[in-house]
Amino acid sequence: LTVAGPVEIKRSTAMVPRILIFAGGENTTAIEQAVREKLLKESFEQEGAYVKTVTSVEDFSIQALTGMFNTYVLFEINEMLDTVEVVRGGLARGHGVVVAGSGERSRAVAEALGFEFGPALSGNVPGITFSDKTGLGLSGSMPISGIALPPRKRGAQAVAVFPDGRPAVLLDVMDKGRIVVIPFSLTRSALNAGTTSPFSLLLRSAILATVPGQED
């Protein structure tokens, strides 16, 4: 009989993404819902992350208050988020936030967090361009579709721009946390492009750019 010595366990401070996604859905058709679900699933296939998706304001509020999550994703929501204070509280603790979508609810949340938007682009929306020097680690161009809202916020970093140089995606530091605002529909863009891959990559990169560097 051989008895091994005691196991030595050290508490890790390494980043463990614990992501809460509120995907209310600005779009409601069956095919758009399928594209959205595929896009969200692809975003985390290669990441060691704990991910939970909810579809109502109530569930988001309950889960956000559990303390289990360090990153919140508001993905093309179609309900009024009356718990912006929960998101602000997360930012104050150093948590990350991603707001994606150009609908009225997504815009209202971003505005409540200090962002402003120029007149909406519609019709034949131009693509956006990344620089490899941006905080998302992306480069090259990406087509987008649907309504796009040029964002602005003093001190925020433009990680992608429209052809005319106006910001298309913003990364900002708020309190101890970071937030990325993507003010156009990834779902609509993926549907029109016929592929979800580049858009799931954008979402994953945005989330990883806001995940805290170490555990609470």
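This one's a predicted model, so the numbers in the text were calculated from it and none came from an experiment.

Student: Provide a residue-level description of the sheet that holds strand S1 (residues 18-22), including the pertinent values.
Tutor: Read from one edge to the other, the open sheet built from nine strands follows the order S2-S1-S3-S4-S11-S10-S9-S6-S7, with strand pairing classed as mixed. The open sheet is flanked by strand S2 (50-54) and strand S7 (140-142), the only strands paired with a single partner. Strand-to-strand twist across the sheet, computed as the mean angle between neighbouring axes with direction ignored, equals 20 degrees. Along the sheet face, helix H6 (residues 197-210) touches S1, strand S3 (71-75), strand S4 (96-100), strand S6 (128-130), S7 and strand S11 (177-182) and points at about 160 degrees away from the line of S11.

Student: Which residues make up helix H1 (residues 30-42), and what are the values?
Tutor: Helix length check: H1, at 13 residues, gives a terminal C-alpha distance of 18 Å against a target of 18 Å (1.5 Å per residue), a fit within 8%. Looking at the buried residues of H1, the elements they touch are S1, S3, helix H5 (186-193) and H6.

Student: Help me get a handle on the pairing of strand S9 (residues 157-161), residues and values and all.
Tutor: In this sheet, S9 lies alongside S6 in antiparallel orientation, the contact comprising two bridges. From the neighbouring strand, threonine 129 faces S9, where its bridge partner is valine 161. From the end of S9 to the start of strand S10 (residues 167-174), which pair antiparallel, there are five residues, and glycine 165 there has a positive phi angle of about 95 degrees.

Student: Explain the environment of leucine 208 to me, and be specific about the residues and the numbers.
Tutor: As for its position among the elements, leucine 208 is in helix H6. Since its relative accessible area comes to 33%, leucine 208 is described here as partly exposed. Along the primary structure leucine 208 and glycine 96 are separated by 112 residues, whereas in three dimensions their C-alpha atoms are 8.7 Å apart.

Student: Give a description of the packing of aromatic side chains that names residues and reports values.
Tutor: According to the stated counting rule, one finds three aromatic pairs in the structure shown. Ring plane angle 20 degrees and centroid distance 5.9 Å describe the contact between tyrosine 50 and phenylalanine 69, whose orientation is recorded as stacked. Taken together, the positions of tyrosine 50 in strand S2 and phenylalanine 69 in the loop between helix H2 (57-64) and S3 put the pair 19 residues apart, joining distant regions of the chain. Put simply, the rings of Phe22, Phe60 and Tyr72 touch in pairs and so form one group of aromatic residues. In this arrangement the basic side chain of lysine 153 is found over the ring face of phenylalanine 115, its NZ or CZ atom lying 5.4 Å from the centre.

Conventions adopted
- Residues numbered from 1 in each chain as written.
- Predicted model: local features only at pLDDT ≥ 70, side-chain atom pairs only at ≥ 80, totals over all residues.
- Heavy atoms only, no water.
- Pairing = 2+ DSSP bridges.
- Helix = DSSP H or I, 4+ residues; strand = E, 2+ residues; numbered from the N terminus.
- Axes fitted to C-alpha atoms, helices over the stretch in contact; angles between N-to-C directions.
- Contact = heavy atoms within 4.5 Å.
- Expected span 1.5 Å × (residues − 1).
- Buried < 20%, exposed > 50% of the residue type's maximum accessible area, 1.4 Å probe, protein only.
- Phe/Tyr/Trp six-rings, centres within 6.5 Å; stacked < 30°, edge-to-face > 60°.
- Lys NZ or Arg CZ within 6 Å of the ring centre and 35° of its normal.

Any link to function would need more than the numbers given here.
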